[in-house]
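# Geometric and topological summary
Given next are the chains, with one letter for each unit.
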Amino acid sequence: LTVKEKKPLEILSEGEQRSIALANFLAETSIHNNNVCIVFDDPVSSLDYKRRDIIADRLIEEAQRKQVVIFTHDLTFLLALQNKCQEQEVNYLATTIRKIQTTTGIIDKSLPWIGLPVKGRISHLKQELQGLESKHKNITPDMPEKLKEYEDGAKLWCEKLRETWERSIEEILFNDSVQRFNPAIQTKRLEKAPFTTELYLEIETGMRNCSN
């Protein structure tokens with residue numbers, strides 16, 4: 001294949017080459033009915049956010065017909081996939097694969113904290129709160145180190161709670177119209193954003209209490 005006597009590698013950018021390769025791959029997988037699962041490894045690296053969004057839509061479309069497995073380090077792309085799955089009512093499972101010291105392939109069923117939606121963060125905070133309450137009950141005068149352990153844990157918990165309030169502004173108050181790590185602004189989502197002065201005051205009070 002040549003374009004004006006030049007090979008595609010001499011003309012196309014890395015992102016354009018990746019986009020064409022993905023299109024070819026998806027076309028090939030549709031040829032045979034036995035292709036019931038397809039696997040991608042960081043499919044949107046080197047792509048701008050517009051192409052990322054198009055590819056996310058295409059992969060969600062494919063996921064309605066077969067199993068799609070995606071490995072990615074890209075949090076923006078992950079959040080986009082999750083949002084699109086929820087909008088289109090496509091079932092998905094997100095897990096984290098970690099490396100601890102020299103051991104790789106450790107499966108964590110939850111996402112990293114920074115990628116968790118508000119609902120997931122609240123569940124995490126409730127579990128941690130139970131542990132903190134237990135630590136507080138077990139503090140005795142002869143074990144002052146337990147008090148410090150509890151105080152450090154409580155401080156971190158309050159920081160996470162504050163971050164959850166912040167995430168709620170993006171996800172709930174503004175209905176994900178503006179998202180961290182995402183350069184695009186979804187203006188249409190503002191139509192269903194439940195922002196009110198009362199909700200703002202509630203969030204401001206909650207964040208102030210966390211800081212205090």
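Thresholds, definitions, all that
Residues numbered from 1 in each chain as written. Predicted model: local features only at pLDDT ≥ 70, side-chain atom pairs only at ≥ 80, totals over all residues. Heavy atoms only, no water. Salt bridge = Lys/Arg side-chain N within 4 Å of Asp/Glu carboxyl O. Buried < 20%, exposed > 50% of the residue type's maximum accessible area, 1.4 Å probe, protein only. Helix = DSSP H or I, 4+ residues; strand = E, 2+ residues; numbered from the N terminus. Core = buried A, V, L, I, M, F, W, Y, C linked by side-chain atoms within 4.5 Å. Contact = heavy atoms within 4.5 Å. Polar contact = N/O pair within 3.5 Å; in protein donor to acceptor, adjacent residues only side chain to side chain. Pairing = 2+ DSSP bridges. Right-handed = clockwise from strand over helix to strand, strands pointing away. Phe/Tyr/Trp six-rings, centres within 6.5 Å; stacked < 30°, edge-to-face > 60°. Lys NZ or Arg CZ within 6 Å of the ring centre and 35° of its normal. Expected span 1.5 Å × (residues − 1). Arc of directions from axis to C-beta.

## Remarks on the pattern of salt bridges
This structure, assessed with the given rule, holds 20 salt bridges. The salt bridge partner of Glu62 is Arg65, with a shortest N-O separation of 3.0 Å. Using a relative accessible area of 53% as the deciding quantity, one classes Arg65 as exposed. The salt bridge partner of Asp152 is Lys148, with a shortest N-O separation of 2.8 Å. Taken together, the positions of Asp152 and Lys148, both in helix H6 (residues 144-173) and four residues apart, correspond to about one turn of that helix. The partly exposed category is assigned to Asp152, whose relative accessible area is 43%. In this structure, a network of salt bridges that share partners links the residues Arg58, Glu61, Glu62, Arg65 and Lys66.

## A word on the nonpolar core
The biggest cluster of nonpolar side chains holds 14 residues, and the ones touching the most others in it are Phe40, Val44, Ile55, Leu59, Ile60, Phe77 and Leu81. If you tally residues by element for this core, the top one is helix H3 (residues 49-63), at four residues. Setting aside its immediate chain neighbours within four residues, Phe77 contacts Pro43, Val44, Arg52, Ala56, Leu59, Ile70 and Thr72. Formed by 10 residues, the second largest nonpolar core is a distinct cluster that contains Leu75, Leu79, Leu116 and Trp157.

## Observations concerning the side chain of Glu170
The topology assignment puts Glu170 in helix H6. Here Glu170 is in contact with Asn175, Asp176, Ser177, Val178, Gln179 and Arg180, once residues within four sequence places are set aside.

## Remarks on the side chain of Lys66
The topology assignment puts Lys66 in the loop between H3 and strand E2 (67-71). Classification of Lys66 by relative accessible area gives buried; the value is 14%. In this structure the side chain of Lys66 is engaged in a polar contact, spanning 3.4 Å, whose partner is the backbone oxygen of Thr29. Setting aside chain neighbours within four positions, we find Lys66 in contact with Thr29, Asn35, Val36 and Ile38.

## Digging into the pairing of E2
Side-chain direction in a regular strand flips from residue to residue, so the side chains alternate between the two faces of the sheet. In this sheet, E2 lies alongside strand E1 (residues 37-41) in parallel orientation, the contact comprising five bridges. From the neighbouring strand, Ile38 faces E2, where its bridge partner is Val68. Since E1 and E2 lie parallel, the crossover through H3 that links them has a hand, and here it is right-handed.

## Description of the packing of aromatic side chains
In total, this model carries two aromatic pairs according to the counting rule given. Each ring, one from Phe25 and one from Phe40, has its centre 5.5 Å from the other, and the planes form 80°; the classification is edge-to-face. Placement of the pair is Phe25 in helix H2 (residues 14-29) and Phe40 in strand E1, with a sequence separation of 15 residues. Geometry around Trp113 places Arg121 over its ring, the cationic atom sitting 4.7 Å from the centre. It is Lys160 that lies over the ring of Trp113; its NZ or CZ is 5.4 Å from the centre.

## A word on helix H7 (residues 197-211)
Since the α-helix packs 3.6 residues into each turn, any two residues three or four apart lie on the same face. With 15 residues, H7 should cover 21 Å at 1.5 Å per step; its first-to-last C-alpha distance of 21 Å lies within 8% of that length. The set of residues buried in H7 consists of Ile203, Gly206, Met207 and Cys210. Taken down its axis, H7 places every buried residue within 95° of arc, on the same side. Of the exposed residues in H7, the ones pointing more than 90 degrees away from its buried face are Thr197 and Glu198. Summarising the contacts, the buried residues of H7 are in contact with H6.

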